[in-house]
Amino acid sequence: MKQIRIAVVGAGPAGCFVVTELLKHPSVSGIDVLDRRDQPHGLVRYGVAPDHAHTRRVSVLFDRALADDRVQFRGGIMVGVDRTVDELRRAYDAVVFCTGAEDPRRLDVPGGELPGVTPALYFSRWVNGDWTDAGAFPLHARSVAVIGNGNVALDAARLLVQPEAVLKDSDIHPAALARLAGSSVRDVYIIGRRGPAQSSFGEAELRQLGEIPGCRVHIDLHELDLSEADRQEIADRHDDNLQLVQDALHDLESRTWPDAERNIHLLFRRSPVAVTGEGRVEGLELCRNRLEGPAGAQRVVPTDEIRHLATEWVITAIGHRSMPIRGLPFDEESGSIPNLHGRVRGCERVYVSGWLRRGARGLIGHNRKDAMEVVRAVMEDVLSDV
Ligand SMILES: Cc1cc2nc3c(=O)[nH]c(=O)nc-3n(C[C@H](O)[C@H](O)[C@H](O)COP(=O)(O)OP(=O)(O)OC[C@H]3O[C@@H](n4cnc5c(N)ncnc54)[C@H](O)[C@@H]3O)c2cc1C
């Protein structure tokens, strides 16, 4: 039987699922897993919120795969810098790249580069101990704006107002716990450019906002109104979560809240048009949007209604792009590696999986389906030579 040796670059969920799939093939005799960090698990270690223990538990599965006799984890190797793509191609029968999407999208408005504008990814890395330079975070802020309508935005908002007693029972890094425990945050605004029908919130994550001790959730009932096109979009997407999200929003809106020291405000159909301040963030200009067009093709149309929000910290949770790797093709527009069924175009025996392949979308489990398809391609190609 041919003995096959494979390099997997990136030990996040995508890389770990690829290893799990490769181990099902007895002809695979060795798998080297290279990662630029000293520790495996990618965003499960430094992205997933530290108070989401149930999600982080998937790392037990990943550790089991990495502990297999045929697998060797090699941390501290930045491929493209410490090892070239060509070196790996010469040393292995196939190379699978799973380096994720580590470049946060920037807020492209005047003032978007002011100190105090922080990508949510850096905040997540900080609470998980993967980002030691918190100097740029205005932790003195009383009011914080979180831009984005997905779970990453909800995670950041929740962690900012969660009491110390709750945080200390989580996996939060001690340095971040110490700083957040003394935080002055009173109001967090979660801002989405579209409406509730287009949000990417998870129902469970949304309901969790209502369980934070000493925190009140503010939603304007009118903001939850759905147009005919919105209702049609929800029906067409056949996504139970989307309907459950609407229910959760209504439940939060209609609750009677006791007085609270901290507040989360959900604002919909608003876009930042400028970050204001002298040398640091002092405010945010938000324009109100209208959604126009038929279901499935609604466009965001800015109106001239502007609201000024006093805030000292703007956290952006508006997506990421992959980083190019020297020696591999890269599609600047999509921010990913051009490929067909995971086979990198123009590079024989080189494959991609996970966020590097699909763009920064989807949950941990979605990377498993990718891994199955990519490993099928790898085995087909490598075994066809025998
Ligand atoms: C803040 C945040 C929170 C999230 N929370 C959840 C959640 O609660 N539940 C959920 O299901 N999904 C969550 N997700 C989504 C989930 O994390 C992704 O689906 C998943 O991590 C993508 O896996 P990946 O392996 O492609 O990328 P990553 O997890 O980013 O792994 C990429 C790996 O490649 C390594 N690497 C990068 N460049 C190089 C290089 N040049 N050489 C060597 N190694 C390199 C990195 O160190 C990293 O280990 C979250 C995402 C974010 C950003």
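Look up: the structure comes first, before these words.
These numbers were taken from a predicted model, which means no experiment stands behind them.

The subject of this paragraph is the overall build of the protein chain. For the protein chain, the helix and strand inventory stands at 14 helices and 18 strands. For 386 residues, the compact-globule estimate of 2.2 N^0.38 gives 21 Å, and the protein chain sits close to it at 22 Å. When its C-alpha atoms are laid out on the principal axes, the protein chain stretches across 70 × 50 × 40 Å. Looking at the protein chain as a whole, 53% of its 386 residues are labelled buried. Counted over contacts in the protein chain with a minimum sequence separation of 6, partners at least 24 positions apart contribute 74%. When the accessible surface of the protein chain is split by element, carbon and sulfur atoms take 48% of a total near 17900 Å². Counting 48 positive and 56 negative side-chain charges, the protein chain places the centres of these two groups 3 Å from one another.

Right, let's get into helix α12 (residues 240-254). Across its 15 residues, α12 extends 22 Å between first and last C-alpha, which sits within 8% of the 21 Å expected from 1.5 Å per residue. Considering only its buried residues, α12 is in contact with α10 (203-209), β9 (215-219), α11 (228-237) and β10 (262-267). Capping the start of α12, Asp 239 holds a side-chain oxygen 3.0 Å from the backbone nitrogen of Asn 241, two or three residues further along.

Our next topic: the site of the ligand. Around the ligand, the surrounding shell holds 31 residues, and the nearest of these are Ala 14, Asp 35, Arg 37, Leu 43 and Ile 364. Interatomic distance of 2.6 Å between a side-chain N/O atom of Asp 35 and an oxygen atom of the ligand. A distance of 3.1 Å separates an oxygen atom of the ligand from a polar backbone atom of Gly 362. Protein contacts shield 94% of the accessible area of the ligand, which totals 1000 Å² for the unbound molecule. Residue classes in the shell around the ligand are distributed as 15 nonpolar, twelve polar and four charged.

Enumeration according to the criterion identifies 26 salt bridges in this entry. Asp 103 is the partner of Arg 106 in a salt bridge, and the nearest nitrogen-oxygen pair spans 3.9 Å. A relative accessible area of 43% means that Arg 106 is categorised as partly exposed. Here Asp 103 falls in the partly exposed class, since its relative accessible area comes to 25%. In this structure, Glu 223 engages Arg 270 in a salt bridge whose closest nitrogen and oxygen atoms are separated by 2.9 Å. With a gap of 47 residues between them, Glu 223 in the loop between β9 and α11 and Arg 270 in strand β11 (residues 270-276) connect regions that are remote in the sequence. Residue classification places Arg 270 among the buried positions, given a relative accessible area of 9%. Within the structure, one salt-bridge network assembled from shared partners comprises Arg 36, Arg 37, Glu 102, Arg 125 and Asp 130.

Parameters and conventions
Residues numbered from 1 in each chain as written. Predicted model: local features only at pLDDT ≥ 70, side-chain atom pairs only at ≥ 80, totals over all residues. Heavy atoms only, no water. Helix = DSSP H or I, 4+ residues; strand = E, 2+ residues; numbered from the N terminus. Rg over C-alpha atoms; globule rule 2.2 N^0.38 Å. Buried < 20%, exposed > 50% of the residue type's maximum accessible area, 1.4 Å probe, protein only. Contact = heavy atoms within 4.5 Å. Areas by Shrake-Rupley, 256 points an atom, 1.4 Å probe, with all protein chains shown as cover. Lys, Arg positive; Asp, Glu negative; His and termini not counted. Charge placed at Lys NZ, Arg CZ, Asp CG, Glu CD. Expected span 1.5 Å × (residues − 1). Polar contact = N/O pair within 3.5 Å; in protein donor to acceptor, adjacent residues only side chain to side chain. Near = heavy atom within 4 Å. Nonpolar A, V, L, I, M, F, W, Y, C, P; charged D, E, K, R; others polar. Salt bridge = Lys/Arg side-chain N within 4 Å of Asp/Glu carboxyl O.

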